[in-house]
Amino acid sequence: MSLEFNRRSFLKYSAAAAVAVAGSSLLTGCGEDEYQKTGKIGSTLKLMGNFKLKTASLTTTAASNTLTCDFNLECTSKYGLNIVPANFQVEVTSKATNKVTTYHAYNTDGTGKISLSKNNNYLAKDDSLDTTLTIENISVADGDTIKVKFWPRPQASEGSQAYTRAFCTWKMTAKKDATTGKITLE
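What you see is a predicted model; the values in this text were computed from it and never measured.

**Q** Outline the packing of aromatic side chains, supporting the account with residue identities and numerical values.
**A** Under the counting rule described, the total for this entry stands at five aromatic pairs. When the centroid spacing of 5.2 Å and the interplanar angle of 70 degrees are considered together, the rings of Phe71 and Trp170 count as edge-to-face. Within this pair, whereas Phe71 is found in strand 4 (residues 65-75), its partner Trp170 is found in strand 12 (residues 167-176), the two being separated by 99 residues in sequence. A relative accessible area of 0% places Trp170 in the buried class. In this structure an aromatic cluster arises from ring pairing among Phe51, Phe71, Phe88, Phe150 and Trp170.

**Q** For the environment of Thr164, give the residues involved together with the corresponding values.
**A** Structurally, Thr164 can be placed in the loop between strand 11 (145-150) and strand 12. Considered as a pair, Thr164 and Arg153 are 11 residues apart in the sequence and their alpha carbons are 7.0 Å apart.

**Q** With reference to specific residues and values, describe the confidence of the model for the chain.
**A** Residues of the chain with pLDDT of at least 70 account for 77%, and the chain-wide mean is 83. Per-residue pLDDT stays below 50 along residues 24-29; that stretch engages in zero contacts with residues further than four places along the chain or on separate chains.

**Q** Tell me about the pattern of salt bridges, residues and numbers included.
**A** Inspection of the entire model under this criterion finds two salt bridges. Between Lys54 and Asp130 there is a salt bridge, with its nearest N and O atoms 3.3 Å apart. With a gap of 76 residues between them, Lys54 in strand 3 (residues 49-60) and Asp130 in strand 10 (residues 128-136) connect regions that are remote in the sequence. Ionic pairing is found between Glu91 and Lys149, a salt bridge with its closest N-O pair at 3.3 Å. Of the two residues, Glu91 is situated in strand 6 (residues 88-93) and Lys149 in strand 11; the sequence distance between them amounts to 58 residues. For Lys149, a relative accessible area of 12% puts it in the buried group.

**Q** Before we move on, can you summarise the pairing of strand 10 with the specific residues and values?
**A** Pairing between strand 4 and strand 10: nine bridges, direction antiparallel. Paired with Asn72 across the two strands is Asp130, which belongs to strand 10. Both strand 8 (residues 113-116) and strand 10 contribute to a ladder of four bridges, which runs antiparallel. Along strand 10, the bridge assignment pairs Leu116 with Leu133.

**Q** Could you give me a rundown of the side chain of Asn50, with the residues and numbers involved?
**A** You can see Asn50 is positioned in strand 3. What makes Asn50 buried here is its relative accessible area of 19%. Sequence-distant contacts of Asn50, defined by excluding residues within four places in its chain, comprise Thr44, Leu45, Asn72, Leu73, Glu74 and Thr76.

Parameters at a glance
Residues numbered from 1 in each chain as written. Predicted model: local features only at pLDDT ≥ 70, side-chain atom pairs only at ≥ 80, totals over all residues. Heavy atoms only, no water. Phe/Tyr/Trp six-rings, centres within 6.5 Å; stacked < 30°, edge-to-face > 60°. Helix = DSSP H or I, 4+ residues; strand = E, 2+ residues; numbered from the N terminus. Buried < 20%, exposed > 50% of the residue type's maximum accessible area, 1.4 Å probe, protein only. pLDDT = per-residue confidence, 0-100. Contact = heavy atoms within 4.5 Å. Salt bridge = Lys/Arg side-chain N within 4 Å of Asp/Glu carboxyl O. Pairing = 2+ DSSP bridges.

See below:
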């Protein structure tokens, strides 16, 4: 066996090393994305602040359903955060059809009206805010999955996706009580 190392050998081994390095980077995708935090009811997610979904409940009447989420939002960003209904989006995935229905501040079909109990808030660094997110006229059934998403800076990245890909998601499942028929969120 020859130990000769020429230009051809160098190129061959360099290409093999490059493939190995590129392949190893694929394995890092198995962890949580540092810009897309995920939790459940009661979780505090840290991304430009400490954001906690304290409670979530569904009120059902003959006319419609209303989802209510109580938040504590604390800014840790030196640039501050503007908190308005457009920071939030709610997705409901039907267990029966696997169809996703999205509710946000700009719905124009009369469903999913989103509002905040404290609207147009600016949080400076180390400020916090307790507010309630309300989604009226929302369609939720037993077994459906609900994702409440919060973008700390939804419009901060004009021409860039840097901030729009940074968001927090709280996941929950709708459970219908067989006796009372009331839907709770877990």
